[in-house]
Amino acid sequence: MASSSSAARGSDSAHVPMRAPQIEIEEVKESTIRFVLSGTDMSVANALRRTMIAETPCLAIDDVEIEDNTSPLHDEFLAHRLGLIPLRFTDPEADITSVFAMDDPDAEDVDEVLLVLDVHNDASPKRIVTSRDLEVIPLADHHTMVEVAHAASMEEAAELAAIGAPEDGAGGPEADAESAIAIVKLGPWQRVRLRAHAKLGWGKIHARFIPVCTAIMNYDYEVDINSAAMERLGAEDRRAFVEACEPGLFEFVHDGETVRVADVTRMANHMEVERLASTMSATDAPLVRVTRRPGRFRFEVETTGALSAVQVVRGALGALIGKLDSIRQAVAAAAGTGVGVVDEDDDVAGGGAAFASAEAGGAAYGGMGH
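This report concerns the structure included in the present document. (Residues numbered from 1 in each chain as written. Predicted model: local features only at pLDDT ≥ 70, side-chain atom pairs only at ≥ 80, totals over all residues. Heavy atoms only, no water.)

Notes on unusual backbone geometry
Right, on to step 1. A positive phi is found at W189, a non-glycine position, where the angle reads about 70°.
Right, on to step 2. Along the chain, the position of W189 falls in the loop between β9 (182-186) and β10 (191-201).
Right, on to step 3. Looking at W189, the relative accessible area reads 60%, which means it is exposed. (Helix = DSSP H or I, 4+ residues; strand = E, 2+ residues; numbered from the N terminus. Buried < 20%, exposed > 50% of the residue type's maximum accessible area, 1.4 Å probe, protein only.)

In C-alpha cells:
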C-alpha cells in the first residue's frame, strides 16, 4: 500500500504545471518604478523584494580618515553622513562586481575608490559643505567610472537647481547648496578635511549599501462596490465613506452621488477599507468587497540615486538567478546527474523577458552572480 501511494504522489507531481512569472511595468522613471509581478506566489515575490534591498550591490563610502574637523559635527556623525551619499557609475553596462573584484587579496586598496574633501570657511558667516565638494581621485582606470550623485535622478537635480537658483541667475555657493546633498555647515574659520574610501557592498552587510529608499510589495486587489448597499446611504454618508478611505481610491461620477473606484493602487490598508465598508453600511452587507487577485503582486521601488530603478530590479533578478544556479549545480553534483545549469543570460522564469521589453532607460546590471 505504501508503494502504490508513493507512486501515485509521484504521478501527480509530474503533472504540476511549471509557473511562468511575468512582469508588467506600469510606470518607470530614472529613480522610481511601479510594476506588477504575476504568475507566482508570495515566497518568490518577497524574495525579489528582499533581494532588491539586501543583495543588489552598489558603491558607498565605507571608511573615512578625518584629518581636520572643526565643524559642529563630531567625526562619527560626519562619517555616517558621508556613507549615505550615493555614488553611481557613469557606465550603466559595466560588470560592476567583476570590475571591483579583488584579484590580489594582499592589495587592500585594489577595489576601493578614493574621495577627498577639503573645505575651509575663511570669513563667511556660513559655508555649506555639500556633495559637490567631494572629489573622486582615480587610483585605477575603472575608478573614472565613479561619480558622486547629487540627487536621486536628473529630474530631481533639475528641480533642486530651480529651487536654489536666484532670480537674477547669478548662481553661487548658496545655489549650489540647494542643488546638492548638504553634509555640514561651517562657521567662520572652521574647516573639514578628510579622505574617504568607497567600496562595493551589499545591504545585508550595512545599510549604507542599500540602493533603495523604498521597496514596497503588496497584493494586487480588486474592489467591487455593492451598489444596493451604497444606495441605502444618504449623500452625506457616502461622502463621509469616500473621505474616510485613502485619497484617490474612490470618487463620485458626474451626478455627484454615485461612487465608483478611481484607482485601486491607492489602497494602502485593505483591512481598514473593509472595516469602514462594514461599519458604515446601513445594511448587513458591506459597502464594498475587497478580494485578492491570485498570484499577482504590486511593487513600488524608489532608489537612492546610486543605481537607477531599472538597474535595481534587473540586478535583483540576476542575484536570484545566481542563487538558483548554485542550488541546481549542488543538486546535480549530489545526485551525480548531468542536469544542466541556468545560463547567466537567461531570465528568471520569463520575468526578465517581460521586464526587458519596457522602455527602461537603462541597461542590464551585469555581474550579479553573488
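Concerning a nonpolar patch on the surface
Right, on to step 1. A contiguous nonpolar surface patch, about 290 Å² in accessible area, is contributed by L324, I327 and V331.
Right, on to step 2. Tracing the chain through its elements places I327 in helix α10 (residues 309-335). (Patch = residues over 30% accessible without salt bridge, like charges linked within 9 Å, V, L, I, M, F, W, Y side chains within 5 Å. Areas by Shrake-Rupley, 256 points an atom, 1.4 Å probe, with all protein chains shown as cover. Salt bridge = Lys/Arg side-chain N within 4 Å of Asp/Glu carboxyl O.)

Focus: the environment of R289
Right, on to step 1. Following the sequence through the fold, R289 ends up in strand β14 (residues 288-303).
Right, on to step 2. With 65 residues separating them along the chain, R289 and D224 place their C-alpha atoms 5.2 Å apart.
Right, on to step 3. Not counting residues within four places of it along the chain, the set of residues in contact with R289 comprises E222, V223 and D224. (Contact = heavy atoms within 4.5 Å.)

Thoughts on the packing of aromatic side chains
Right, on to step 1. Applying the stated rule across the entire model yields four aromatic pairs.
Right, on to step 2. Each ring, one from Y219 and one from Y221, has its centre 6.2 Å from the other, and the planes form 65°; the classification is edge-to-face.
Right, on to step 3. For Y221, a relative accessible area of 7% translates into the label buried.
Right, on to step 4. Ring pairing ties together the aromatic residues Y219, Y221 and F297, which thus form one cluster. (Phe/Tyr/Trp six-rings, centres within 6.5 Å; stacked < 30°, edge-to-face > 60°.)

Describing the sheet that holds strand β3 (residues 58-69)
Right, on to step 1. Strand order in this open sheet of four strands is β3-β10-β5-β7, and the pairing throughout is antiparallel. The strands lining the two open edges of the sheet, one partner per strand, are β3 and β7 (135-137). On average, each strand axis in the sheet is tilted by 30° relative to the strand beside it, whichever way the strands run.
Right, on to step 2. Bridge count between strand β5 (residues 113-120) and β7: three bridges; the pairing is antiparallel. Across the sheet, the residue bridging to L114 is I137, located in β7.
Right, on to step 3. Relative to the sheet, helix α3 (residues 75-83) contacts β3 and β10, its axis offset from that of β3 by approximately 150°. (Pairing = 2+ DSSP bridges. Axes fitted to C-alpha atoms, helices over the stretch in contact; angles between N-to-C directions.)

Side note on the nonpolar core
What tends to happen in soluble globular proteins is that the nonpolar side chains get buried as a cluster.
Right, on to step 1. Counting residues in hydrophobic clusters, the biggest one holds 25 residues, and the most contacted among them are I61 and L115.
Right, on to step 2. Elements with a contribution of two residues or more to this core: β3, α3, β4 (87-89), β5, β8 (146-148), β9 and β10.
Right, on to step 3. A total of five residues in this core trace back to one element, the largest contributor, which is β10.
Right, on to step 4. Look past the residues within four positions of L115 in its chain and what remains in contact with it is I61, L87, L134, E135, V136, V148, L194, R195, A196 and A198.
Right, on to step 5. Formed by 22 residues, the second largest nonpolar core is a distinct cluster that contains L37, V212, V312 and V313. (Core = buried A, V, L, I, M, F, W, Y, C linked by side-chain atoms within 4.5 Å.)

Focus on the packing of helix α2 (residues 42-54) against α10
Right, on to step 1. The geometry of α2 relative to α10 is characterised by a closest axis approach of 9 Å and an angle of 110° between their N-to-C directions. Looking at the two axes, α2 sits roughly perpendicular to α10. The element α2 and its partner α10 pack so that their crossing is right-handed. In this structure, α2 uses A47, L48, T51 and M52 to contact α10, whose residues at the interface are V312, V313, A316, L317, A319 and L320.
Right, on to step 2. A per-class count over the contact of α2 with α10 returns nine nonpolar, one polar and no charged. (Parallel < 35°, antiparallel > 145°, perpendicular 65-115°, else oblique. Left-handed = near helix turned anticlockwise from the far one by under 90°. Nonpolar A, V, L, I, M, F, W, Y, C, P; charged D, E, K, R; others polar.)

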